[in-house]
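If you want the building blocks of each chain, they are given just below.
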Amino acid sequence: MIGGGAAGLGAAGGVKAADPGAEVIVYTEFEDVAYSPCGIPYVHGGEIPDFERLFLAGKQAYVDAGIDVRYETAVTAIDPAAHTVTVAGEGAVRYDSLVIATGWNYADPGVPGGDLSGLYYVKNIRKAMEWDKVISETKAAVVVEAGPLGLEMVTALAHRGVETHLIDPNPYALSMMADPDIMAPVEESWRELGVHLHFNTTLEEFLGDADGKVRAVRTSGGEITADLVVISTHKTPETALAKAAGLDLGSTGAIIVDERMKTSAPDVWAAGDVVEIPHGLTRTPLQGLTGSHAYAQGKTAGTNAGGGDRAYRAVYVPWGTPAGKWVIGGASFGEATATALGIPYVKGEAQGISRARYYPGVQPVKVKLLAEPGTLRLIGAQMIGGGEGIKERADFLAQAIRFGMTLHDLSTMENVYSPAIGALNEPIVVAATNGVAAAKAK
Amino acid sequence: MASFFGWLRSNSEHYLLVAAHQKLARTLGSPPPRPPKGLKELFWLRVFAPVYALLPWPVRSRIMRAMPGSHRQTWAPPPRSRGPAV
């Protein structure tokens, strides 16, 4: 395995499951494996008390499992014809099967000043521990781009009492996947936290002081003073090794794989953010999914690399995250993405509640469902709520899309009712019923 | 060739989304994107996006499926509904 993230370790486990006697080596350039990088913003924000909690397994656990993890060890080349990888300090190492799980990098912001100190790319846990001390001394910060990690870091910095600015070239946050009406309450809650939002604003330059430390960013809307800049540009696949080895790459720039996670090279598999996976509805390839996708792909790649047989499926992309005081989520297409692709849809919306209206802690839940005109087959959903049930609804709705459920099915579905955990009127049912009515009215 | 398709995809994806934001701003009353600047943005937003919008979905879908990528490898077809369980 090249890479010790969710995909690499999932693959290592997959090989061992398929062939317990296999010799498994994981190369990672980092000091650690088996921690959750996705948890870093929540430690910065104070919701998780320390970084130690992000470690899911100790180094001994891999020794015990018979997996040889080689830390801080770079793989510099792959030779698929010779079945070897070149490893720093080890030379050419032969493999029977290889899994590439090299992950992703942030897209280069592409503006002057990228070499200044004070630019924080959230990824590595050891660096995050150092940056956490920097955040403690930070008065003002700029977050560049409102992608998923940007959302989490804006909230985290605001919770830490840092004067936080968000700049994004689009008209609203998370605009590459979410809809503006879903994000509007999130933006309002950020403003309540004191966050300064700069949409339709392009980054032009990082400005430094005499010591080479960032002091401000220059944008299309003017200069913003900041002693810390968090870069959360989109994920790009880390394909340098694969590209140099001649593996086929797709239109996303990621490695082309089949359902067994096999690449174009013999005995080479790949998984995680370095590959592209087709969307279940359009079959258009996607790259840069979530850790759960990476882990499942890794298990598939490892199982097959170990001589087993396992298939991965096209994705319907359930997603969700806390943002400001809300939790947002969805599955497959929202209005923005469906409109961009030119996919026609009918819409059903409802504003509901998470539990009985009289039960303490009841929270709002807004559900928006998109369906194919005519058949009313579900093609997407987006939601915002106070927290409870958003993730579970996104998971369920992704399955509903996958198995071709319609608004008719959802409008007549059964739902749990118990005052403390569920409302009499499930918001999905109400949204679907409204969608059926809207379709009839057209 | 992959880099050409990468360039085409990245630009079309970005500007089709900007065009969608313009449309949603009109229908939902949400904040609109900034107006296009320069020849590149004018081309993608005033020429490419409207031409793309004129093509029927089956044609657009066929073009996207013709591009190189993982979607052209072996993948199980989507599950079909099988009727009642009992």
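Refer to the structure presented above.
Presented here is a report on the structure given in the accompanying data block. Nothing here was measured: the structure is a model prediction, and the numbers come from that model.

**Description of the pattern of salt bridges**
Two side chains bearing opposite charge may form a pair once their charged atoms approach each other closely.
Residue and element names in this part refer to chain A.
Here's step 1: On inspection of all chains with the given rule, the structure shows 24 salt bridges over all chains.
Here's step 2: Its salt-bridge partner being Lys366, residue Asp181 comes within 3.3 Å of it at the nearest N-O pair. Of this pair, Asp181 sits in helix H6 (residues 180-192) while Lys366 is found in strand S24 (residues 364-371), placing the two residues 185 residues apart along the sequence.
Here's step 3: A salt bridge links Asp395 to Lys391; its shortest N-O distance comes to 2.2 Å. Placement of the pair is Asp395 and Lys391 together in helix H10 (residues 390-402), with a separation of four residues, close to one helical turn.
Here's step 4: Classification of Asp395 as partly exposed rests on a relative accessible area of 31%.
Here's step 5: Salt bridges linked by common partners bring Asp179, Asp181, Glu335, Lys347, Glu349, Lys366 and Lys368 together as one network.

**Focus: the packing of aromatic side chains**
Here's step 1: This structure, assessed with the given rule, holds 11 aromatic pairs over all chains.
Here's step 2: Summarising the aromatic geometry, the rings of Tyr120 of chain A and Trp131 of chain A are spaced 4.7 Å apart at their centres and angled 10° between planes, so their arrangement reads as stacked. A residue pair is termed long-range when its members are at least 10 positions apart, and Tyr120 of chain A in strand S8 (residues 119-120) and Trp131 of chain A in helix H4 (residues 125-136) qualify at 11 residues.
Here's step 3: The exposure class assigned to Tyr120 of chain A is buried, which follows from its relative accessible area of 0%.
Here's step 4: A ring pair is formed by Phe4 of chain B and Phe5 of chain B, whose centres lie 5.4 Å apart and whose planes are at 65°; its orientation type is edge-to-face.
Here's step 5: The partly exposed category is assigned to Phe4 of chain B, whose relative accessible area is 41%.
Here's step 6: Counting every residue linked through ring pairs, the aromatic cluster contains Phe4, Phe5, Trp7, Tyr15, Phe43, Trp44, Phe48 and Tyr52 of chain B.
Here's step 7: The lysine or arginine in question, Lys262 of chain A, covers the ring of Trp269 of chain A, its NZ or CZ lying 5.3 Å from the ring centre.
Here's step 8: Its guanidinium or amino end placed over the ring of Tyr52 of chain B, Arg60 of chain B lies 4.9 Å from that ring's centre, counting from NZ or CZ.

**As for the interface of chain B and chain A**
Here's step 1: Contacts between chain B and chain A engage 34 residues on the former and 43 residues on the latter.
Here's step 2: The contact between chain B and chain A buries some 3300 Å² in all, and 62% of this surface belongs to carbon and sulfur atoms.
Here's step 3: Across the chain B-chain A interface, the total number found is zero salt bridges.
Here's step 4: Broken down by secondary-structure element, the contributors of at least two residues to the side of chain B that touches chain A are helix H1 (2-28) and helix H3 (57-66) of chain B.
Here's step 5: For the side of chain B that touches chain A, a count of residues per class yields 20 nonpolar, nine polar and five charged.

**Details of the environment of Asp227 of chain A**
All names here are of chain A.
Here's step 1: Note on placement: Asp227 falls in the loop between strand S14 (222-225) and strand S15 (228-231).
Here's step 2: Here Asp227 falls in the partly exposed class, since its relative accessible area comes to 24%.
Here's step 3: The residues contacting Asp227, other than those within four sequence positions of it, are Glu137, Thr138, Lys139, Ala140, Lys213 and Val214.
Here's step 4: A polar contact is formed between the side chain of Asp227 and the backbone nitrogen of Lys139, at a distance of 3.3 Å.

**So, the nonpolar core**
Here's step 1: In this structure, Tyr120, Met183, Ile328 and Leu369 of chain A are the most contacted members of the largest nonpolar core, which totals 89 residues.
Here's step 2: Top element by residues in this core is H1 of chain B. It accounts for seven residues.
Here's step 3: Not counting residues up to four positions away in its chain, the partners in contact with Leu369 of chain A are Val346, Lys347, Gly348, Leu378, Gly380, Ala381, Leu397, Leu407, Leu410, Ile428, Ala431 and Ala432 of chain A.
Here's step 4: Listed in part, the 51 residues of the second largest apolar core include Tyr62, Val87 and Tyr312 of chain A together with Trp75 of chain B.

**Details of helix H8 (residues 291-305) of chain A**
Residue and element names in this part refer to chain A.
Here's step 1: Here H8 is 15 residues long and its end C-alpha atoms lie 20 Å apart, about the 21 Å a rise of 1.5 Å per residue gives.
Here's step 2: What H8 keeps buried is the set His293, Ala294, Gln297, Gly298, Thr300, Ala301, Gly302, Thr303, Asn304 and Ala305.
Here's step 3: Turning to H8, the residues buried within the fold contact helix H1 (6-18), strand S6 (98-100), strand S18 (268-270), strand S19 (275-278) and strand S21 (318-323).
Here's step 4: After H8 finishes, the residue Gly307 shows a positive phi value of roughly 100°.

**Observations concerning the packing of H1 of chain A against H8 of chain A**
Residue and element names in this part refer to chain A.
Here's step 1: Between H1 and H8, the least distance of the axes is 6 Å, while the angle of their chain directions is 35°. When you trace H1 past H8, the crossing you get is right-handed. Contact residues: Ala6, Ala7, Gly10, Ala11, Gly14, Val15 and Ala18 in H1; Gly291, Ala294, Tyr295, Gly298, Lys299, Gly302, Thr303 and Ala305 in H8.
Here's step 2: When grouped by side-chain class, the residues that make up the contact of H1 with H8 number eight nonpolar, six polar and one charged.

What counts and what doesn't
- Residues numbered from 1 in each chain as written.
- Chains lettered and ligands numbered in written order.
- Predicted model: local features only at pLDDT ≥ 70, side-chain atom pairs only at ≥ 80, totals over all residues.
- Heavy atoms only, no water.
- Salt bridge = Lys/Arg side-chain N within 4 Å of Asp/Glu carboxyl O.
- Helix = DSSP H or I, 4+ residues; strand = E, 2+ residues; numbered from the N terminus.
- Buried < 20%, exposed > 50% of the residue type's maximum accessible area, 1.4 Å probe, protein only.
- Phe/Tyr/Trp six-rings, centres within 6.5 Å; stacked < 30°, edge-to-face > 60°.
- Lys NZ or Arg CZ within 6 Å of the ring centre and 35° of its normal.
- Contact = heavy atoms within 4.5 Å.
- Buried area = accessible area lost by both parts, 1.4 Å probe.
- Nonpolar A, V, L, I, M, F, W, Y, C, P; charged D, E, K, R; others polar.
- Polar contact = N/O pair within 3.5 Å; in protein donor to acceptor, adjacent residues only side chain to side chain.
- Core = buried A, V, L, I, M, F, W, Y, C linked by side-chain atoms within 4.5 Å.
- Expected span 1.5 Å × (residues − 1).
- Axes fitted to C-alpha atoms, helices over the stretch in contact; angles between N-to-C directions.
- Left-handed = near helix turned anticlockwise from the far one by under 90°.

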